[in-house]
Amino acid sequence: MDDLLSEFLTETNESLAVLDVELVHLEQNPNNPSLLNNIFRLVHTIKGTCGFLGLPRLETLAHAGENVLGKFRDGALVVTPDSVTLILATLDRLKAIVSELERTEAEPAGDDADLIARLDAAALGKVAAAPAPVKAPPPVAVEPVEPASEEGPYDAKLGRQLKPGEVTLEELEAVFRATEAAAAEVAAPAAAAEVVAEAPKPEAPHGDTQMAEAGESAVAGQSIRVRVDLLENLMTMVSELVLTRNQLLQMVRKINDSEFAAPLQRLSLVTTELQEGVMKTRMQPIGSAWAKLPRIVRDLSRELGKKIDLVMQGAETELDRQVLELIKDPLTHMVRNSADHGLETPAERQSNGKGDTGRIVLNAYHEGGHILIEIRDDGRGLDAQKIKAKVLEKGLATEAELEAMSDRELHRFIFKPGFSTAAKVTSVSGRGVGMDVVRTNIEKIGGTIDLRTEKGKGSTFTIKIPLTLAIVSALIVECAGERFAVPQISVVELVRASPTSEQKIERIENTAVLRLRDRLLPLVFLNELFGLEAAGAGIAKQGESYIIVTQVGSHRFGMVVDRVFDTEEIVVKPVAPILRNISVYSGNTILGDGSVIMILDPNGIAASSGQQVSDNARAEEDAAAKKDNRNDDRMALLLFHAGGTEPKAVPLALVARLEEIETAQVERVAGQMVVQYRGQLMPLISVSDDQQLSPTGRQPVVVFADRDRNMGLLVDEIVDIVEDRLAVELRTKRQGVLGSAVIAGKATEVVDVAHFLGAAREDWFMNGSKQTLDDKGDGRKLLLIDDSPFFRNMLAPLLQVAGYQVTTAENAEAALKMRESGEAFDVILSDIEMPGMDGFAFAEAVRHDGSWMKTPIVALSGHVSPRFFERGREAGFVDYVAKLDRDALLASLEQTLSRSHAA
Amino acid sequence: MSTAIENAEFVTVSIEGQLFGIPVLMVQDVLGPQKITRIPLSPKEVAGVLNLRGRIVTAVELRTRLGLPMRASGEQGMSVVVEHRGEPYSLIVDGVGEVMALKAEAFERNPPTLNPRWREVSLGVYRLDGKLLVVLEVPKVLDFLEIAEAA
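Residues numbered from 1 in each chain as written. Chains lettered and ligands numbered in written order. Predicted model: local features only at pLDDT ≥ 70, side-chain atom pairs only at ≥ 80, totals over all residues. Heavy atoms only, no water.

Looking now at the overall build of chain A. The number of helices and strands found in chain A is 29 helices and 35 strands. Across the 903 residues of chain A, 49% fall into the buried class. Contacts in chain A between residues far apart in sequence, at least 24 positions, make up 67% of those at least 6 positions apart. Of the roughly 42800 Å² that chain A leaves accessible, carbon and sulfur atoms contribute 52%. (Helix = DSSP H or I, 4+ residues; strand = E, 2+ residues; numbered from the N terminus. Buried < 20%, exposed > 50% of the residue type's maximum accessible area, 1.4 Å probe, protein only. Contact = heavy atoms within 4.5 Å. Areas by Shrake-Rupley, 256 points an atom, 1.4 Å probe, with all protein chains shown as cover.)

What follows is the structure, given as structure tokens:
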């Protein structure tokens, strides 16, 4: 079954079950507005989802029902038992259609004209006493709904808030792809909605078995459904565990040689892992909440006759699962609103001098412990006059009050219940559900929503959600005798300043600044900002003080404090409502010693000390971040000593195992050291000539493996595994060494594994082994394009060892020259991030014309994300592999080649 | 309002020598002197936050709320923990006395001449033997919070 459809069925069944109960309540309390609102919203949601799934029968019926409910809500109609009966009858019909839909994957044929006529009459105030006996009496209790559905048994138990918490990333991606595929399918024929509805029909006879299978695999497969409140509970427990652990650690730290130290260390480790694990179960990229949007926007643009371009940025931004669940619907609402109200029709746009395609941009990013989500459109913006008229009409404020309001205050009216400036009620929006729901949902999770709009230019909604559940690492500082926590994430560096040292605080009039690496850093004295009687005031001016260099956007400033203590893991708890409007705090927490501490929010501090962070600055920061990303070739490196004084390094990804061998077992065969290892002879190579094999005892060996062959590099000592950037700065002609790089703060020789692999391989053949080129590559010609000489040097031998004939090119331009000179390859392996022409552009160029049009291209990249993957596929790559994942690379090449052969 | 407090029970507290009563059903905890973390930039009535068995409680200094001078340094107050809109608050007083059950006959509305600041937070007065007990209306005591919130 279509994943989207099955999700719809689960959701709708849940909503219908809730509606049954709510309606019965309503009959008993006909004047309860919150009950009415809730019912109205549920029906509205059902209608909305039907609309974009292309289920016309359900949609029309729900629409008619919603009309009547809308009248109830606005007070135009009185709730009577008869009218409730009518709505319940509608619900029963909806249920019947839904269960049929579940069975056959298509809306049953049929007509609801009778019910719709009665509903329409009711909407006009003419409730006829039910002419026909109602199908079923209103059920009082929730029935277990549709046991046939895979989620069935859960439905009855799950209230609205307890949404099931499964869904793996894979599943979500599957939904995303399925949706896209479906969208692509329906794009061709004109009558889109009908096609969606009818397409599954031919398969209907198989429907049941398919569904059973899907049910089996979804449930028994890789994921289980866990209720979110269970995870929530787990998270709270883990948070408490972390705090207790911290407390214990602090106690033991004071005692020397405590017998508790070792077990506590272990406990600490396990706790950290547990914490990470639990956090992970709850984190999901926001992209999963966006997956439905392209489809929705596409359908909307068709329905509204507008051209809409949807841009999604920062889809990989991770946030808490529960938060995600809660903002999913608001986001959908807002995007719909932007499409419906915000953007103009192509004709209007053209007459306003804009391109005829409107643009909706979704952007998510982290900032100072918050997640910010922007929904931006370049449409008509909000019309202050229209809002005023509407406010007056609804009697929400008087004319005089309106006059005194700023535009900003005026704009905020759109978040009030029942408020809509859309001129007409469409089936998409305009009933005034929406923005108030959006606001309520966001405030429920302690977030805020803000709006910037300019008439004729468009509107931007900014949702700010705090990471209240996160455990963060924080720096504990002291200022004027009070302790505060600063989230480590916003600390760039710490500087100790004193009048005698090189770093000293200087003043321009009363403004304190610090010279930091030839730039002036503005300073904020926390004690001044907080109005604290500073025991430290004197100290700050004369003695030593500490400056916490912080970054907000691209804006840097320093906070001056008296002392800096440790860092500590803290559970951020929201501050009491009374303190929520003090912008300098982002939360509070209880420290290991049991005292409460306030967590500082550098954003708020920057703002309240009068520092402006402009939008331009943010753009700069984005650019800088992108640049960083590009250079960020961080990788895990194995550090070791092997002759000489300098430490040496190899990429950990190339290392198969670390072993220790008895030196007594080392044998010599034709001048080559070998050792029997796992039933085979493994050649041993020493890194440098001055390296001595210790005559007795054990020798550490770094083992490199290729398929069933191994090669051992003799080393003196394994030092560490570090994560660092590998930027070879000094090249050398010495064989076996790529050059020197600064790793973990030390000049380190980067070992050319390729050289040694090659050396070992040669020896291998000299030793007369019967190993031949039975490898995957089979002598096929491969072109490797990578701007980094390190990767070229590392990958080329690897691929050669695997049996490919490798040619390298240092950039896309050079590769294209080879094409022009008539060279041909079986497969091309190209890096993505390259200066000049990047991998995407290269792939597009190759696909576009020339002799390589049919040559498969595999993309190679430092970071693999679904977004890149999509983009790569569009550009013409057949596969996408991470640079350092050798096995995946070889597997992908093999697969690609066999596929292109078969084709 | 007077009907609501017939034969009611109160936790008696003292501030600056004056006796106050807090309806016993509202009181969750009575604590001795606590380590309170100050919160710079908070409303002046907020003394800070404290840790009550893993819960973070906002402490409100009743002296400031009533417009009285601060306690001499070195003297520590006691805390009466109440809940308001789902959040715990600790009211800081000079001392906590016994729980008293008081008869409705002894109750009287606030004298109109009472300091408006006190009148705002009190329901009325009980005549006891030799002294008077002012009944604190907790939601009103914490009222300044909403004012601050709305601002």
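With that settled, consider the sheet that holds strand β34 (residues 857-861) of chain A. All names here are of chain A. Taken together, 5 strands build an open sheet; the order of strands is β32-β31-β33-β34-β35 and the sheet is parallel. The open sheet terminates on both sides in strands that have one partner only, identified here as β32 (805-809) and β35 (879-882). Averaged over all pairs of adjacent strands, the angle between strand axes in this sheet comes to 25 degrees, irrespective of strand direction. Note that strand β31 (residues 781-785) and strand β33 (residues 827-831) share 4 bridges and pair parallel. Along β33, the bridge assignment pairs L782 with V827. (Pairing = 2+ DSSP bridges. Axes fitted to C-alpha atoms, helices over the stretch in contact; angles between N-to-C directions.)

Let us look at the interface of chain A and chain B. As a measure of interface size, the accessible area lost when the parts come together is often cited. Counting from both sides, the interface comprises 24 residues of chain A and, opposite them, 23 residues of chain B. Both faces combined, the contact of chain A with chain B buries some 1900 Å², and carbon together with sulfur accounts for 66% of it. A per-residue breakdown of the area chain A buries against chain B is headed by P577(A), I578(A) and V596(A), which together make up 31% of the total. Taken together, chain A and chain B are joined by 1 salt bridge. Inspection of the chain A/chain B interface yields 3 residue pairs in polar contact (both at pLDDT 80 or more). Every element with two or more residues in the side of chain A that touches chain B is listed here: β9 (482-487), β17 (585-590) and β18 (596-600) of chain A. With 4 residues, the single largest contributor to the side of chain A that touches chain B is β17(A). Split by residue class, the side of chain A that touches chain B holds 16 nonpolar, 5 polar and 3 charged. (Buried area = accessible area lost by both parts, 1.4 Å probe. Salt bridge = Lys/Arg side-chain N within 4 Å of Asp/Glu carboxyl O. Polar contact = N/O pair within 3.5 Å; in protein donor to acceptor, adjacent residues only side chain to side chain. Nonpolar A, V, L, I, M, F, W, Y, C, P; charged D, E, K, R; others polar.)

Further remarks concern the pattern of salt bridges. According to the stated counting rule, one finds 28 salt bridges over all chains in the structure shown. Between R298(A) and D299(A) there is a salt bridge whose closest N-O contact spans 2.3 Å. As far as burial versus exposure is concerned, R298(A) and D299(A) are alike and both buried. Here K44(B) ties to E45(B) by a salt bridge, and the two come within 3.6 Å at their closest N and O atoms. Classification of K44(B) as exposed rests on a relative accessible area of 58%. On the basis of relative accessible area, E45(B) is assigned to the buried category, the value being 8%. By sharing partners, the salt bridges in this structure join E16(B), E61(B), R63(B), R71(B) and D94(B) into a single network.

This paragraph deals with helix α4 (residues 81-104) of chain A. Over its 24 residues, α4(A) extends 34 Å from the first C-alpha to the last, a length consistent with the 34 Å expected when each residue adds 1.5 Å. One or two positions beyond α4(A), positive phi appears at E105(A), with a value near 65 degrees. (Expected span 1.5 Å × (residues − 1).)

With that settled, consider the pairing of strand β12 (residues 511-516) of chain A. Residues and elements named next belong to chain A. Sheet topology note: the strand β11 (residues 505-508)/β12 ladder contains 4 bridges and is antiparallel. In the sheet register, I508 faces β12, and the bridge partner there is T511. Hairpin connection between β11 and β12: a loop of 2 residues separates the two successive antiparallel strands, and E509 in this loop has a positive phi of roughly 50 degrees. Pairing between β12 and strand β13 (residues 519-525): 4 bridges, direction antiparallel. Directly across from L516, in β13, lies its bridge partner R519.

Turning our attention to the confidence of the model for chain B. Here chain B shows a mean pLDDT of 84. Residues at 70 or above account for 91%. The model gives residues 1-5 of chain B a pLDDT under 50, and that stretch makes 9 contacts with residues more than four places away or in other chains. (pLDDT = per-residue confidence, 0-100.)

Attention now goes to the packing of α4(A) against helix α5 (residues 113-123) of chain A. Residue and element names in this part refer to chain A. In contact at an axis separation of 11 Å, α4 and α5 are set at 150 degrees when each is read in the N-to-C sense. Accordingly, the angle class assigned to the pair α4 and α5 is roughly antiparallel. In terms of crossing hand, the pair formed by α4 and α5 is left-handed. Each of L86, I87, A89, T90 and R93 in α4 lies in contact with α5, whose residues at this interface are D114, L115, R118, L119 and A122. Class assignment for the residues of the contact of α4 with α5 results in 6 nonpolar, 1 polar and 3 charged. (Parallel < 35°, antiparallel > 145°, perpendicular 65-115°, else oblique. Left-handed = near helix turned anticlockwise from the far one by under 90°.)

Our focus in this paragraph is the sheet that holds strand β4 (residues 46-52) of chain B. Residue and element names in this part refer to chain B. Read from one edge of the open sheet, 5 strands run β3-β6-β7-β5-β4, paired in mixed fashion. Each of the sheet's edge strands pairs with one partner strand only, and the pair in question is β3 (27-31) and β4. The sheet shows a mean angle of 30 degrees between the axes of neighbouring strands, direction not considered. Examined bridge by bridge, strand β5 (residues 55-61) and strand β7 (residues 87-93) share 4 bridges and lie parallel to one another. When the bridges of β7 are listed, E61 appears paired with I92.

Under the criterion given, the structure shown has 7 aromatic pairs over all chains. Geometrically, the ring pair formed by F840(A) and F877(A) is edge-to-face, given 6.4 Å between the ring centres and 70 degrees between the ring planes. Taken together, the residues F840(A) in helix α27 (residues 839-848) and F877(A) in the loop between α28 (866-875) and β35 connect sequence positions 37 residues apart. Take F877(A): its relative accessible area is 4%, and that puts it in the buried class. Centre to centre, the rings of F20(B) and W118(B) are 5.3 Å apart; their planes meet at 40 degrees, and the pair counts as tilted. (Phe/Tyr/Trp six-rings, centres within 6.5 Å; stacked < 30°, edge-to-face > 60°.)

All names here are of chain A. Relative to the helices and strands, S301 resides in helix α13 (residues 293-304). Between the alpha carbons of S301 and A339 there is a distance of 7.6 Å; along the sequence they are 38 residues apart. Beyond its immediate stretch of four places on either side in the chain, S301 contacts K306 and I308. Within the structure, the side chain of S301 is placed 2.8 Å from the backbone oxygen of R298, a separation counted as a polar contact.

On to unusual backbone geometry, then. In the Ramachandran plot, A480(A) falls in the positive-phi region, its phi being about 50 degrees despite a non-glycine side chain. Topologically, A480(A) is positioned in the loop between β8 (471-479) and β9. For A480(A), a relative accessible area of 9% gives the class buried. One non-glycine residue, R85(B), lies in the positive phi region at around 50 degrees. Among the secondary structure elements, R85(B) is positioned in the loop between β6 (78-84) and β7. Take R85(B): its relative accessible area is 65%, and that puts it in the exposed class.

Residue and element names in this part refer to chain A. Relative to the helices and strands, D111 is located in the loop between α4 and α5. Accessibility expressed as a relative area gives 57% for D111, which makes it exposed. Along the chain, D111 and R57 lie 54 residues apart, while their C-alpha atoms are 7.7 Å from each other. The contacts of D111, once residues within four sequence positions are left out, are R57 and R93.

Ranked by size, the top nonpolar core spans 56 residues in total, and within it L526(A), F530(A), Y585(A), I605(A) and I22(B) carry the most contacts. Listed in part, the 42 residues of the second largest apolar core include V297(A), I360(A), L382(A) and I442(A). (Core = buried A, V, L, I, M, F, W, Y, C linked by side-chain atoms within 4.5 Å.)

Now for a nonpolar patch on the surface. Together, L248(A), M251(A) and L267(A) make up an exposed nonpolar region whose accessible area comes to about 250 Å². With respect to the helices, strands and loops of the structure, L267(A) is situated in helix α11 (residues 261-282). (Patch = residues over 30% accessible without salt bridge, like charges linked within 9 Å, V, L, I, M, F, W, Y side chains within 5 Å.)

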